Structures are given as structure tokens and as C-alpha cells.
Amino acid sequence: MEAPMLIPPYPVPSNLSQPFWDGTRRGKFLLQKCGACGAYRWTPQWLCTKCHSLDFAWVEASGDAKVYSFSVVHRPPLPGFKAPYVVATVELAEGPMMLTNIVDCDPKDVKIDMKVKVTFDKVSDEISLYKFRPA
Amino acid sequence: MATGIKDRVAILGMGCSKFGERYDAEASDLMVEAYREAITDAGIDPSQLQAAWLSVAFEAMNIGPSAIPLSMALRLPTIPVTKVENYCASGTEAFRGAVYAVASGACDIALALGVEKLKDTGYGGLPVRSRGLAYDMMANSGTAPGFFAQIASAYRAKHGVQRDDLKRAIAHVSVKSHANGAKNPKAHLRKVIDEATVLNAPMIAEPLGLYDCCGVSDGAACAIVTTPEIAKSMGKHDIVSVKALQLAVSNGWELQGSGWDGSYFHTTRVAAKRAYDEAGISKPREELSMFDVHDCFSITELVTMEDLFVSPEGGAMKDVMDGFYDADGQVPCQIDGGLKCFGHPIGASGLRMIYEMYLQLQGRAGERQLKNPRLGLTHNLGGMPNQNVSAVAIVGRYGD
Ligand SMILES: [Zn+2]
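Residues numbered from 1 in each chain as written. Chains lettered and ligands numbered in written order. Predicted model: local features only at pLDDT ≥ 70, side-chain atom pairs only at ≥ 80, totals over all residues. Heavy atoms only, no water.

## Here we look at the overall build of chain A
Of the regular secondary structure elements, chain A holds 1 helix and 8 strands. Going residue by residue from the N terminus, the α and β elements of chain A occur as α-β-β-β-β-β-β-β-β. Summarising its shape, the C-alpha atoms of chain A cover approximately 55 × 40 × 25 Å along the three principal directions. In chain A, which comprises 135 residues, the proportion classed as buried is 43%. Contacts in chain A between residues far apart in sequence, at least 24 positions, make up 49% of those at least 6 positions apart. Accessible surface for chain A amounts to roughly 6900 Å². Of this, 53% is attributable to carbon and sulfur atoms. Positive and negative side-chain charges of chain A, numbering 16 and 14 respectively, have mean locations separated by a distance of 3 Å. (Helix = DSSP H or I, 4+ residues; strand = E, 2+ residues; numbered from the N terminus. Buried < 20%, exposed > 50% of the residue type's maximum accessible area, 1.4 Å probe, protein only. Contact = heavy atoms within 4.5 Å. Areas by Shrake-Rupley, 256 points an atom, 1.4 Å probe, with all protein chains shown as cover. Lys, Arg positive; Asp, Glu negative; His and termini not counted. Charge placed at Lys NZ, Arg CZ, Asp CG, Glu CD.)

## Overview of helix α1 (residues 27-42) of chain B
All names here are of chain B. In this model, α1 (16 residues) spans 22 Å end to end at C-alpha, consistent with the 22 Å of a helix rising 1.5 Å per residue. Elements that come into contact with the buried residues of α1 comprise β1 (10-16), β2 (51-55), α2 (68-74), β4 (110-116), β7 (219-226) and α14 (346-361). Positive backbone phi, approximately 70°, marks Gly43, located one or two places after α1. (Expected span 1.5 Å × (residues − 1).)

## As for the packing of helix α3 (residues 90-103) of chain B against α14 of chain B
All names here are of chain B. Two elements in contact, α3 and α14, have axes separated by 5 Å at closest approach and are oriented at 65°. The orientation of α3 relative to α14 falls into the category roughly perpendicular. Of α14, the residues touching α3 (which contributes Ser90, Gly91, Thr92, Ala94 and Phe95) are Gly347, Gly350, Leu351 and Ile354. Tallied by class, residues from the contact of α3 with α14 come to 4 nonpolar, 5 polar and no charged. (Axes fitted to C-alpha atoms, helices over the stretch in contact; angles between N-to-C directions. Parallel < 35°, antiparallel > 145°, perpendicular 65-115°, else oblique. Nonpolar A, V, L, I, M, F, W, Y, C, P; charged D, E, K, R; others polar.)

## Overview of the pattern of salt bridges
Counting across every chain of the model gives 28 salt bridges over all chains. A salt bridge links Asp121 of chain A to Lys131 of chain A; its shortest N-O distance comes to 3.2 Å. Here Asp121 of chain A, found in strand β7 (residues 115-122), pairs with Lys131 of chain A, found in strand β8 (residues 128-134); they are 10 residues apart in sequence, far enough to count as distant. The exposure class assigned to Lys131 of chain A is buried, which follows from its relative accessible area of 16%. Lys117 of chain B is paired through a salt bridge with Asp218 of chain B; the nearest N and O atoms lie 3.3 Å apart. Of this pair, Lys117 of chain B sits in the loop between β4 and α4 (133-138) while Asp218 of chain B sits in the loop between β6 (208-209) and β7, placing them 101 residues apart in sequence. With respect to class, Lys117 of chain B is no different from Asp218 of chain B; both count as buried. Several salt bridges share partner residues, and in doing so they unite Lys158, Asp261, Arg269, Asp307 and Glu313 of chain B into one network. (Salt bridge = Lys/Arg side-chain N within 4 Å of Asp/Glu carboxyl O.)

## Considering the sheet that holds β2 of chain B
Residues and elements named next belong to chain B. Reading across the sheet, the 9 strands line up as β3-β2-β4-β7-β1-β8-β11-β10-β9 and stay open at both edges, with mixed pairing between neighbours. Either end of the sheet is taken by a strand with one partner, and the two such strands are β3 (81-84) and β9 (290-292). The sheet shows a mean angle of 25° between the axes of neighbouring strands, taken without regard to direction. In the sheet, strand β8 (residues 240-249) pairs with strand β11 (residues 387-397) via 9 bridges, with the strands oriented antiparallel. For Val249, the partnering residue across the bridge sits in β11 and is Val389. Where α1 meets the sheet, its contacts fall on β1, β2, β4 and β7, and the angle it forms with β1 comes to roughly 140°. (Pairing = 2+ DSSP bridges.)

## Thoughts on the packing of aromatic side chains
In total, this model carries 16 aromatic pairs over all chains according to the counting rule given. Look at Phe29 of chain A and Phe132 of chain A: their rings are 6.0 Å apart centre to centre, the planes differ by 85°, and that puts the pair in the edge-to-face class. One end of the pair, Phe29 of chain A, is in the loop between α1 (18-25) and β1 (30-34); the other, Phe132 of chain A, is in strand β8, with 103 residues separating them in the sequence. Overall, the relative accessible area of 2% leaves Phe29 of chain A in the buried class. Assessed through its relative accessible area of 0%, Phe132 of chain A is described here as buried. Where Phe148 of chain B meets Phe265 of chain B, the ring centres are 5.9 Å apart and the plane angle is 35°; that geometry is what we call tilted. A residue pair is termed long-range when its members are at least 10 positions apart, and Phe148 of chain B in helix α5 (residues 144-159) and Phe265 of chain B in the loop between β8 and α9 (266-279) qualify at 117 residues. Each member of the pair, Phe148 of chain B as well as Phe265 of chain B, carries the same accessibility label: buried. (Phe/Tyr/Trp six-rings, centres within 6.5 Å; stacked < 30°, edge-to-face > 60°.)

## Points about the interface of chain A and chain B
If you look at the interface, chain A gives 42 residues, while chain B gives 37 residues. Together chain A and chain B conceal approximately 3100 Å² of surface at their shared face, both sides included; 61% is due to carbon and sulfur atoms. At the boundary of chain A and chain B, one finds 0 salt bridges. The tally of links between chain A and chain B comes to 11 residue pairs in polar contact (both at pLDDT 80 or more). Looking at the side of chain A that touches chain B, the elements with two or more residues in it are α1, β2 (40-41), β4 (64-73), β5 (85-92), β6 (97-102) and β8 of chain A. It is β4 of chain A that contributes the most residues to the side of chain A that touches chain B, 6 residues altogether. The residue makeup of the side of chain A that touches chain B, split by class, is 27 nonpolar, 12 polar and 3 charged. (Buried area = accessible area lost by both parts, 1.4 Å probe. Polar contact = N/O pair within 3.5 Å; in protein donor to acceptor, adjacent residues only side chain to side chain.)

Written as C-alpha cells, this is what we have:
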């Protein structure tokens, strides 16, 4: 008998996050933009962080960001992840910061303030994960 | 206008189980172990308990839902019992429930008990909780060390610190906690270590190695609280009272391009300011006698000393290397071994910290006893650097 393949747990879209995951599946990087004050936000939330308005739209973002901070994980949380890999906080051109992975790059070459660009990793028919690579 | 709870509530008794790999005990054994010490210390009959709070973070591991497990284990007199969960601040949340119940006048005597039984996972870290928006959006590739290690990178960038200098300072944080934990008979890890051991340990998440990370433990801790007047009427002396209890919870501000630079904990600064106001403390570096802070990782402890306004911003490395926080330093930190060595049964940790402050203030800390402490602060942090809960409690001698 073959051993079961170990795969990391994938996100389960919610009412709130479904449009985001629909976007990544189509290769589009969407963010919520407040209809009242224009602020972008992350993670998905019903209320604007800045003005508490409920009015928002999902709009396509640039996908441009820079590395704010990072670490290299040598011991992953579960089997199925290939360590070492980079976990990072990136600052999006639109303002919000996002936790993500930096890929297509030797972990030794990641630097704070490095310019990065969003990229998508299709892991199932439903889910394409968002990651960032050197711009 | 609310004035806070300073000196309205006294600790009547406390207890704490042995922490560690307690394969010998079920959760109910751990609860009873902590409770028996607390109720004996309080010198009351169980029928005098009027309300209770249970804290546990991972109820699915050996505890079960609702407040019933506590009421059953302690055979409480059919009183209101509430279960709370707030990540690593859960224990302080249970304490807050009991303290507020007494401060409000709703109860004369209330109990708080935290418990966790995690070692059955066979895993050194936290059980993975894969669901919920924040985790889903991150696809779970982040680990707790991976999140907290980013504080180190951001701290280095902000203060222009070399990697090896920071690594040596955080190594000293762990060496100090191991030295303290070795003197604590209830601690999970009781082994003195040296700097080379820390520096040469396997890497977990750069720059955090094995000895920069606390593990998890099995254990329970318990507090029984009342008013200072009732404590006095029972003939208690050396009364320890609550000076402040504060909690700050992230609302997403940190990630919104708001100016947070990733090198500190916003919530801790907010909670600390409120706690100092409530306790009437204006110079924490001079006024506080000791701390027990949330050293989930050595880097967390180091930046927390700045977030609590004890070390100046950018100055914690120097204080750590100068021995300011050592057992014989000016303001000892983790005198009981901290999460690193006393252990981290999540739901019990906040109460365990208060337990050590209480013992120290009553002069009952044995080999670890500090000279004439007057005010002690405890701090918990749960979640990730960018979104978390932070609790600050201050206890001290009543009448000071
Ligand atoms: Zn808005």
C-alpha cells in the first residue's frame, strides 16, 4: 500500500474571503477598498479599519510590495511543507501589510526593503495561494 | 468616571501544580493539585466560594467543552462557573473574571483556575489550529517561531543591530531563565545552560534556535480572591492586592500601513500604559520590583522590556547584557524560570506568573526569594506579532 501523500492544509474560503480566492484562481490579486474613505485593507473584514464604513468593493491591486520583515522557517508546523522556506511580512504598494512567503529566491538573498511582486501557486482546482517573488 | 480596581481585591490563596510532562496525571488531577494548595492557603471552606472561572486554550486536548470540567473536578457548590479562552492570555482572563466579580461587590470570594494538558500530542509546539480567517489567509505556512522571528529582523533593521550581537543578547535571555528555573522545584525544565549551548542549537526559524523557543507543558494554577477587608477580618497579614489588570486586543491596525514597524508589540504598549495609570505608577523602571513576562521566544522577552517602558527603546540589549534582568539584577525578570523553563500550559500561564509574584511578595519563594519586593508585574501575549492579545497585571503589597 502506498503511503498517503502529505499535503499542507489549504484555506477554506468564507463568505468574506471567497471573492479574494476567486481572484487568485483567475490570476488576479484583489483587495478590499473602502467606499467611504478609500483605504485598502487586509485581512478581509466587513468594517473599514480606518472609518468603520461597511461600504467596500473588491478591486484589483498592483501586486507590488516590499519586504518588511522575514524569517526562514527550518521546522515547519506540519509535514507537507518543504523547509527551509521564507515567511515574510510584506508592505503592499496600496498600504496594508500581509503575511506571506517569498519564493523563487534563495532564502539567503531575501533582504528587508527588497521589492517583490505577487505570484500565484495553484494547489487545487479551488485554491491558488498568493506568494511573492523578487520583482 | 471609572477609577479602576487598585486595592479593591486581595489574593486570599494561590496554588500551582508541578509543570512538565505529566503523563501521570489527567487534567482533573492537575486542577485538583493546584486547587488544594490554593484553598489550604486561603484557609476557607469550599462552600464559601461564590463564583469561579476556568481558563483553557486547547479544550479539545483532554479537557472538554464548557465550565463543567472545573465544577466537576473541584466539586464546586453549584455556583456560577465560566470558561474563558483568549490565547496565551487565558489564565489572566480567568483571574480578571474573578477579580472583577469581587471588585463589583457581586461576590465575596471567587476562584480562577487555568489548566492545560498538551504533552499527549507528542509534539513540542502548539497543536495546529487550521481554521479561522487569519490562518486561512496565511495558508498555515507560518509557525509561531516563524512569526515571532520576524520581530528580530525588524528590530535589527530599526536599530541597526548586527545579527550576531542580537543573537548573543537573546541567548543571555534564555541562559538567565534556565539559571532561575533550575532553582524552582515546580518547573518543567530544571537545567542550567551556557551561552554556547544556545548559540549552537539547531535553527528553528532564523535567528531563533531551539533554546530561543519555549515549549508547551501540562499544568494548572489557581487563585482565590476576596476583598482586603474580608482578608483582614480572617486574620491575614502580608496581604497582596491587585493594583491593575489590563488587556489590549489588536483590531487590525498593525497591518493597515499605519506606521507599525514590526519591531514591537503595539498591544503591550497600550495595555502597559493603562495598567501604570490604573496602579498609579509613573516610573516603572524604578518602581517595579520584578516581572514575569511572556517569553514565548527570547526575542519576545527582549522587546517586551521596551514595550513595558522598563528599558528605553533600543536599549533592551544593553540592559540584558548588563544583567539588569538577572536574578541579582535591578529588576529580575522570569525569576521563576518563565515560560521557557517553568513551562507553558497555555491556559494556566497567566495564573502561574501571578503565583510567583504572590509568593515573592509574601516572602515564600524559597531559594528564589528576592529581597523585599513590593510590586510585581505579569504580562501575557497571545497570537502573532501583528495581531494579538496582550494582558498586563500588577500586584503588590496592600497598604503600600
Ligand atoms: Zn474607510
